[in-house]
Amino acid sequence: MSDDTDQLRRKVVKMTGAVGMSALLSGPINVFASESNAKIQSRGYAAFDESGILKPWKFERRAVGDSDILIDIKYASICHSDIHQEKGHWGKQQYPQVPGHEMVGIVAAVGKNVTKFKVGDRAGVGCMVGNHHHHHDHDEEQYNADTIFTYGFPDDRSPTGISQGGYSNNIVVEDHFAVHIPDNVSFQEAVPLLCAGITTYSPLMRADIKPGMKVGIAGIGGLGHLAVKIAVSKGAEVYAFTTSPSKVKDILAFGAKEAIVVDDLAKLNQYRGQLDYLLSTIPYDYNVAAYAAVVKPYGTFTQVGMPINSEVTVSALNLAFARVNFNASLIGGMKETQEVVNYCADNKVLPQIQMIKAEQINDAWENVVNKKARYRYVIDASTF
């Protein structure tokens, strides 16, 4: 490092502190935060028990390591998974726990081995933040047993013993698990792509959606509304199944051919055996076989919604009569996550969002549970 560069870095540190430097550095100068072992001071909203009530909490994140980046979070968004996990629906949790696995912001510091990002870059983080052994040898990191998921996951590098999520003003993450947010999309519209986007994009792409295919989307919430938009953008004829009559107008505006209000499972009978593919984002227990029956024999049904206890009801006999290929899908790898962000930005396949402040999170959670969200809540991180 040259004397001039060193003097500039020291001056900026003195003026603003390492975390706030990105706003002042417009050149290629990087802040090698790994030169210091100082833990990162953070503030966010955390759950403290299974009540699901979130409260302000100050905590520490690990110091930025050689392969890490520090991101000043600008926006985070709410996923139904946040609610399930913090309420203990998927098993006992360690508290306090900061939820949130959709976040975007500005890189504020980088480790000395980082080449993927520099200070000042726009970056996003989804459902994964690291690997216990730094193994990144394939494109399906979500299926690697050593992967560290974004919150509530054992992490001996974290001062709290578990990973802490994105309802926060900052985050430290291995650079491999961050993606670039292109300039042709706003932070606010990009942030839901980091979970809702990739979770629906990945199975749709693996189903090889083509123009003219008849594609069903069941459950039109944060994930489902993006699934409709993505499938429509690929030229599919989309049939959206919802239990909320108030969403019909929106669904048709998203480009769906039909919006079917399933207030009685008998409503599904007229579509029996007609669709090539169905993606279910329903986050509650429901009659899977009744929905699967709308798919043609030897077509495919994919489950991405994760209900309480991660269980859904399946009638083996009725599923056998439908003769569909049933599977489930878990988010997507980092390569594919960058792909969906770029695709949605370039093709303007963007979520419908509602902006809130941190103090509104608990109310927003209630609205998500009561199916009142339209369709992804985005939190202004400056209010943490």
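Reading the values: rules and limits
- Per chain, residues are indexed from 1 in the order of the written sequence.
- In view of the model being predicted, local features appear only for residues whose pLDDT reaches at least 70, and side-chain atom pairs are presented and counted only at 80 or more, with totals across whole chains, interfaces and linings using the full set of residues.
- The basis for every side-chain value is the complete set of heavy atoms in the structure, and neither hydrogens nor water enter the calculation.
- Comment: elements are numbered from the N terminus, with helices defined as DSSP H or I runs of at least four residues and strands as E runs of at least two.
- Put simply, a disulfide is two cysteine sulfurs that come within 2.5 Å.
- Per-residue accessibility, obtained with a 1.4 Å probe over protein chains only, is compared with the maximum for each type, and a residue is labelled buried under 20%, exposed over 50%, and partly exposed between these values.
- For Phe, Tyr and Trp, rings pair up if their centres lie within 6.5 Å, where Trp contributes its six-membered ring, and each pair is then called stacked (planes under 30 degrees apart), edge-to-face (over 60) or tilted (otherwise).
- Should the NZ of a Lys or the CZ of an Arg lie within 6 Å of a ring centre and within 35 degrees of the ring normal, that charge is described as sitting over the ring.
- By the convention used here, strands pair only if DSSP detects at least 2 bridges between them.
- A 3.5 Å cut-off defines polar contacts: any pair of N or O atoms within that distance qualifies, except that in protein one atom must be a possible hydrogen donor and the other a possible acceptor, and neighbouring residues in sequence count only when both atoms are side-chain atoms.
- Here, residues are in contact when the closest pair of their heavy atoms is within 4.5 Å.
- By convention here, the domain bounds are inherited from an automatic or database domain assignment.
- Buried area, as used here, totals the accessible surface that two parts lose on assembly, with accessibility defined by a 1.4 Å probe and the loss added over both.
- Every case where a carboxyl oxygen of Asp or Glu lies within 4 Å of a side-chain nitrogen of Lys or Arg is listed as a salt bridge.
- The nonpolar class holds Ala, Val, Leu, Ile, Met, Phe, Trp, Tyr, Cys and Pro. Asp, Glu, Lys and Arg form the charged class, and all remaining residues, Gly among them, are polar.
- Only buried Ala, Val, Leu, Ile, Met, Phe, Trp, Tyr and Cys residues count toward a nonpolar core, and they belong to the same one when joined by side-chain atoms within 4.5 Å.
- Axes here refer to lines fitted to C-alpha atoms; in helices the fit is confined to the stretch in contact. Angles between the N-to-C directions go from 0 to 180 degrees.
- For classification, angles of less than 35 degrees are called roughly parallel, those exceeding 145 degrees roughly antiparallel, those between 65 and 115 degrees roughly perpendicular, and all remaining angles oblique.
- Crossing chirality is assigned from the near helix's rotation relative to the far helix, an anticlockwise turn below a right angle marking it left-handed and a clockwise turn marking it right-handed.

Chemist: Quick rundown of unusual backbone geometry? Include the residues and the values.
Modeler: Residues Tyr95 and Pro96 are joined by a peptide bond in cis, for which omega reads -5°. A cis amide bond links Arg374 to the next residue, Tyr375, at an omega of -5°. With respect to the secondary-structure elements, Tyr375 resides in the loop between α10 (361-369) and β17 (376-380). For Tyr298, which is not glycine, the phi torsion reads 75° and is therefore positive. When you line up the elements, Tyr298 lands in strand β14 (residues 295-303). One non-glycine residue, Ile331, lies in positive phi territory at about 35°. Assignment of secondary structure puts Ile331 in the loop between β15 (325-328) and α9 (334-347).

Chemist: Could you give an account of the state of the cysteines, with specific residues and numbers?
Modeler: Summed over the entire model, instances satisfying the criterion amount to zero disulfides. Here Cys79 is not disulfide-linked; the sulfur of Cys195 is the nearest cysteine sulfur, at 4.0 Å. Judged by relative accessible area, which is 2%, Cys79 ranks as buried. For Cys127, which is in no disulfide, the shortest distance to another cysteine sulfur is to Cys195 and amounts to 3.8 Å. Classification of Cys127 by relative accessible area gives buried; the value is 10%.

Chemist: Explain the packing of aromatic side chains residue by residue, including any values.
Modeler: The full count for this structure, using the stated rule, is twelve aromatic pairs. Aromatic side chains Trp57 and Phe59 sit 4.8 Å apart centroid to centroid with 15° between the ring planes, which places their arrangement in the stacked category. An identical accessibility class is assigned to Trp57 and Phe59; each is buried. When the ring of Phe241 is compared with that of Tyr291, the centres are 6.3 Å apart and the planes differ by 85°; the resulting orientation is edge-to-face. Of this pair, Phe241 sits in strand β11 (residues 237-242) while Tyr291 sits in helix α7 (residues 288-292), and the two are 50 residues apart along the sequence. Accessibility classification places Phe241 together with Tyr291 in one group, the buried group. Stacked on the ring of Phe187, the Lys or Arg Arg122 has its end atom at 4.3 Å from the ring centre.

Chemist: Lay out the pairing of β15 in plain terms, naming residues and giving numbers.
Modeler: Judged from the four bridges that link them, β14 and β15 form a sheet pairing that is parallel. Looking across to β15, one finds that Thr302 is bridged to Asn327.

Chemist: Break down the side chain of Asp121 for me, citing the residues and quoting the values.
Modeler: Along the polypeptide, Asp121 turns up in the loop between β4 (103-110) and β5 (122-125). When its relative accessible area of 13% is taken as the criterion, Asp121 is described as buried. One polar contact links the side chain of Asp121 to the main-chain amide nitrogen of Lys118, over a distance of 3.0 Å. Discounting chain neighbours no more than four positions away, the residues touching Asp121 are Gly105, Ile106, Val107, Lys116 and His180.

Chemist: Kindly report on the domain arrangement of the protein, identifying the contributing residues and their values.
Modeler: Interface size is often expressed as the accessible area that is lost when the parts come together. Taken domain by domain, the protein comprises domain 1 (40-181 + 352-383) and domain 2 (196-328). Here domain 1 and domain 2 have C-alpha centroids that lie 28 Å from each other. When domain 1 packs against domain 2, the two sides together hide about 1400 Å² of surface, and 47% of this comes from carbon and sulfur. The largest share of the area that domain 1 buries against domain 2 comes from Gln352, Lys371 and Tyr375, three residues that together contribute 40% of it. Joining domain 1 to domain 2, the criterion identifies one salt bridge. The salt bridge partner of Arg206 is Glu140, with a shortest N-O separation of 3.4 Å. There are ten residue pairs in polar contact (both at pLDDT 80 or more) connecting domain 1 and domain 2. Put simply, the parts of the chain that give the side of domain 1 that touches domain 2 at least two residues each are α2 (80-86) and α10. The residue makeup of the side of domain 1 that touches domain 2, split by class, is five nonpolar, four polar and five charged.

Chemist: Which residues make up the pattern of salt bridges, and what are the values?
Modeler: Scanning all chains against the criterion turns up 13 salt bridges. Ionic pairing is found between Asp121 and Lys118, a salt bridge with its closest N-O pair at 3.1 Å. Through salt bridges with shared partners, one network takes in Arg62, Asp68, Asp155, Arg157 and Glu174.

Chemist: Could you give an account of the nonpolar core, naming the residues involved and the relevant values?
Modeler: The biggest cluster of nonpolar side chains holds 88 residues, and the ones touching the most others in it are Ile69, Ile78, Tyr167, Ile181, Val215 and Ile361. Taken domain by domain, this core gets at least three of its residues from each of domain 1 (40-181 + 352-383) and domain 2 (196-328). Val215 has contacts with Leu204, Ile209, Ala231, Ala236, Glu237, Val238, Tyr239, Leu275 and Tyr277, leaving out every residue within four places of it along the chain.

Chemist: Help me get a handle on the packing of helix α4 (residues 196-206) against helix α5 (residues 222-233), residues and values and all.
Modeler: The interhelical angle for the contact between α4 and α5, taken along N-to-C directions, is 45°, at an axis separation of 9 Å. As judged from the angle between their axes, α4 and α5 are oblique. Seen along the crossing, α4 lies across α5 with a hand that is right-handed. In contact with Ala196, Gly197, Thr199, Thr200, Tyr201, Leu204 and Met205 of α4, α5 contributes Gly222, Leu223, Leu226, Ala227, Ile230 and Ala231. The residue makeup of the contact of α4 with α5, split by class, is nine nonpolar, four polar and no charged.

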